[in-house]
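# A look at the structure
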Amino acid sequence: MFNDLPELGEFPAAWKRKHLLGLEDLTREELLILLDKAQVFRDAFDQGRRKFSILPGHTSVTLFFENSTRTRTSFSLAAQRLGASCVAFAASTSSLSKGESIVDTAKNLEAMGCESMVVRHSTPGIPKLLSENVHCSIINAGDGAHEHPTQGLLDILTMRQRLGSLEGKTVGVVGDIAHSRVARSNVWGLKKLGANVIVCGPSTLVSPRWEEMGVEYSHSLDKILTRVDVLNMLRIQFERQYTSPFPSIREYSLLFGMDGDRLRRAKPDLLVIAPGPINRGVELTPEVADGPQSAILDQVSNGLAVRMAVLWLTDGARKLTNNE
Ligand code: NCD
């Protein structure tokens, strides 16, 4: 069917979602389909096979109401590499500033003909709202502190490539847990794959209520250091904070930053990842970020593969659901 990427196989019958709004709702089977198909794209990428004609005629629009480097670029590259076209909607110069609602904006964009919209917004639930009002596929590229499913997927894909099965492995997610959509998507995905998760950060940013999601919590990086197989080092989300959650950045990085000393006290094969953007000297020192145990740039390559898989799968389900 797909002559230029036969490894992709037939469209998986178990995949029926035309939207990707989060990892919370996915079954373990759906999560594995996404990861396995993303791996096919990653393997092709590593072999230098980067352009396919899998989604000809598909138009994807990126609607980003928050800044982005990796996510927006990789979604638009992913669309292009599948043979689709991609248009970037510029929120700051649009008619939203003239009072048009986001739902009307999305309906107007859809009226021009598009098969998918990739949405990032500071308000949780906006992708879901749009999914209830348009016919095209809606892909959540981050909604407030709620979810960032493709980031969760690329983090998990990177862990799986390095560690094999994640069953019984322990992943520490460190930093501004309270304001992080990456933390939530990591937790939902990792729990489905049988990993243990410890969320770790200052008491102002890590609530004991995380136990209700089936994870452990800790306020000491030093205490969890020898137990974890992976550390996911999150950025402090100043843009979502209204009060200062700790006395100074210097104190934060002394207690929760990953440096060479902590690396030497951790398990010898500890894997360090970070969603980016990284603030060198805050969450990670350059020694850690650029060292052999860091997979930060590899995550970015996996991000492209994940987004290709997401566009392909949601497109297939949309055609079936909409009888196209
Ligand atoms: C994350 C995001 O935007 O939620 N970044 C990303 O998508 N690569 C995390 C962050 O901004 O710190």
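Above: the structure in question.
What you see is a predicted model; the values in this text were computed from it and never measured.

Conventions adopted
- Residues numbered from 1 in each chain as written.
- Predicted model: local features only at pLDDT ≥ 70, side-chain atom pairs only at ≥ 80, totals over all residues.
- Heavy atoms only, no water.
- Near = heavy atom within 4 Å.
- Polar contact = N/O pair within 3.5 Å; in protein donor to acceptor, adjacent residues only side chain to side chain.
- Areas by Shrake-Rupley, 256 points an atom, 1.4 Å probe, with all protein chains shown as cover.
- 1 Å grid on protein atoms, 1.4 Å probe; cavity = no way out; pocket = protein on both sides within 12 Å on 5 of 7 lines; lining within 4 Å.
- Sits in = over half its atoms within 2 Å of the grid points.
- Helix = DSSP H or I, 4+ residues; strand = E, 2+ residues; numbered from the N terminus.
- Nonpolar A, V, L, I, M, F, W, Y, C, P; charged D, E, K, R; others polar.
- Domains from an automatic or database assignment.
- Expected span 1.5 Å × (residues − 1).
- Contact = heavy atoms within 4.5 Å.
- Buried < 20%, exposed > 50% of the residue type's maximum accessible area, 1.4 Å probe, protein only.
- Pairing = 2+ DSSP bridges.
- Right-handed = clockwise from strand over helix to strand, strands pointing away.
- Core = buried A, V, L, I, M, F, W, Y, C linked by side-chain atoms within 4.5 Å.
- Phe/Tyr/Trp six-rings, centres within 6.5 Å; stacked < 30°, edge-to-face > 60°.
- Disulfide = S-S within 2.5 Å.
- Points joined across faces, edges and corners; volume = space filled by probe spheres on them.

### Quick look at the site of the ligand
As a structural note, the neighbourhood of the ligand is formed by Arg 70, Thr 71, Arg 120, His 148, Gln 151, Arg 181, Val 182, Arg 235, Gln 237, Pro 275, Gly 276 and Pro 277. Measuring from an oxygen atom of the ligand, one finds a side-chain N or O atom of Thr 71 at 3.1 Å. Coverage of the ligand by the protein chains reaches 94% of its 320 Å² of free accessible surface. Taking a 2 Å distance to the grid points as the criterion, the majority of the atoms of the ligand fall inside the largest pocket. Elements with a minimum of two residues in the shell around the ligand: helix 2 (70-81) and helix 6 (181-192). Grouping the amino acids of the shell around the ligand by side-chain chemistry returns three nonpolar, five polar and four charged. Taken together, domain 1 (6-148 + 301-321) and domain 2 (149-295) each give at least three residues to the shell around the ligand, which thus spans both.

### Notes on helix 1 (residues 28-46)
Between its first and last C-alpha atoms helix 1 spans 27 Å; for 19 residues at 1.5 Å apiece the expected length is 27 Å, and the two agree. Of the surrounding elements, those touching the buried residues of helix 1 are helix 2, helix 5 (149-163), helix 6 and helix 11 (296-321). Phi turns positive one or two residues past the end of helix 1, at Gly 48, with a value near 80°.

### A closer look at the pairing of strand 6 (residues 196-200)
With respect to burial, strand 6 is a largely interior element, four of its five residues being buried. The sheet contact formed by strand 5 (residues 170-174) and strand 6 spans five bridges and is parallel. By the bridge assignment, Val 171 is partnered in strand 6 with Val 197. Regarding topology, helix 6 serves as the crossover connection from strand 5 to the parallel strand 6, and that connection is right-handed. Relative to strand 7 (residues 216-218), strand 6 is paired through three bridges, and the arrangement is parallel.

### Structural notes on the nonpolar core
One finds Phe 41, Ile 54, Leu 153 and Val 199 to be the most contacted residues of the largest nonpolar core, which totals 63 residues. If you tally residues by element for this core, the top one is helix 11, at 10 residues. Mapped onto the domain boundaries, this core takes at least three residues apiece from domain 1 (6-148 + 301-321) and domain 2 (149-295). If we ignore the near neighbours within four places in the chain, the residues touching Phe 41 are Leu 5, Leu 8, Ile 54, Leu 82, Ala 305, Met 308 and Ala 309.

### Re the side chain of Asp 176
Along the chain, the position of Asp 176 falls in the loop between strand 5 and helix 6. A polar atom in the side chain of Asp 176 sits 2.8 Å from the side chain of His 179. Among residues more than four places away in sequence, those in contact with Asp 176 are Leu 205, Leu 234, Arg 235, Ile 236, Gln 237, Gln 241 and Tyr 252.

### Observations concerning the environment of Thr 62
You can see Thr 62 is positioned in strand 1 (residues 59-64). Separated by 79 residues in sequence, Thr 62 and Ala 141 place their C-alpha atoms 9.1 Å apart. For Thr 62, the contacting residues outside a window of four places in its chain are Arg 72, Phe 75, Cys 86, Val 87, Ala 88, Phe 89 and Val 118.

### Focus: unusual backbone geometry
The amide bond that connects Gly 276 to the next residue, Pro 277, takes the cis arrangement and shows omega of 0°. Considering the arrangement of structural elements, one finds Pro 277 in the loop between strand 9 (271-273) and helix 10 (286-289).

### Comments concerning the packing of aromatic side chains
The description of an aromatic ring pair rests on the distance of the ring centres and on the angle between the ring planes. Under the defined criterion, the tally for this structure stands at five aromatic pairs. Taking 5.2 Å as the distance between ring centres and 70° as the angle between the ring planes, the aromatic pair formed by Phe 11 and Trp 312 counts as edge-to-face. Of this pair, Phe 11 sits in the segment before helix 1 while Trp 312 sits in helix 11, and the two are 301 residues apart along the sequence. As far as burial versus exposure is concerned, Phe 11 and Trp 312 are alike and both buried. Judged by centre distance (6.4 Å) and plane angle (70°), the ring pair of Phe 41 and Phe 52 falls under edge-to-face. With Phe 41 in helix 1 and Phe 52 in the loop between helix 1 and strand 1, the pair connects residues that are 11 residues apart, well separated along the chain. Comparing Phe 41 with Phe 52 shows no difference in burial state: the two are buried. Grouped by ring-pair contacts, the aromatic residues Phe 246, Tyr 252 and Phe 256 constitute a single cluster.

### Remarks on the state of the cysteines
Applying the stated criterion to the full structure yields zero disulfides. Unpaired in terms of disulfides, Cys 86 finds its nearest cysteine sulfur in Cys 114, a separation of 10 Å. Residue classification places Cys 86 among the partly exposed residues on the basis of a relative accessible area of 22%.

### So, empty space enclosed by the protein
Scanning the entire structure with this criterion turns up one cavity of 30 Å³ or more. If you list the elements that add at least two residues to the lining of the largest cavity, you get helix 2, helix 5 and helix 11. Take the lining of the largest cavity: its biggest share by element is four residues, from helix 11. Residue classes in the lining of the largest cavity are distributed as four nonpolar, five polar and two charged. Lining the lining of the largest cavity are residues from two domains, each supplying at least three of them: domain 1 (6-148 + 301-321) and domain 2 (149-295).

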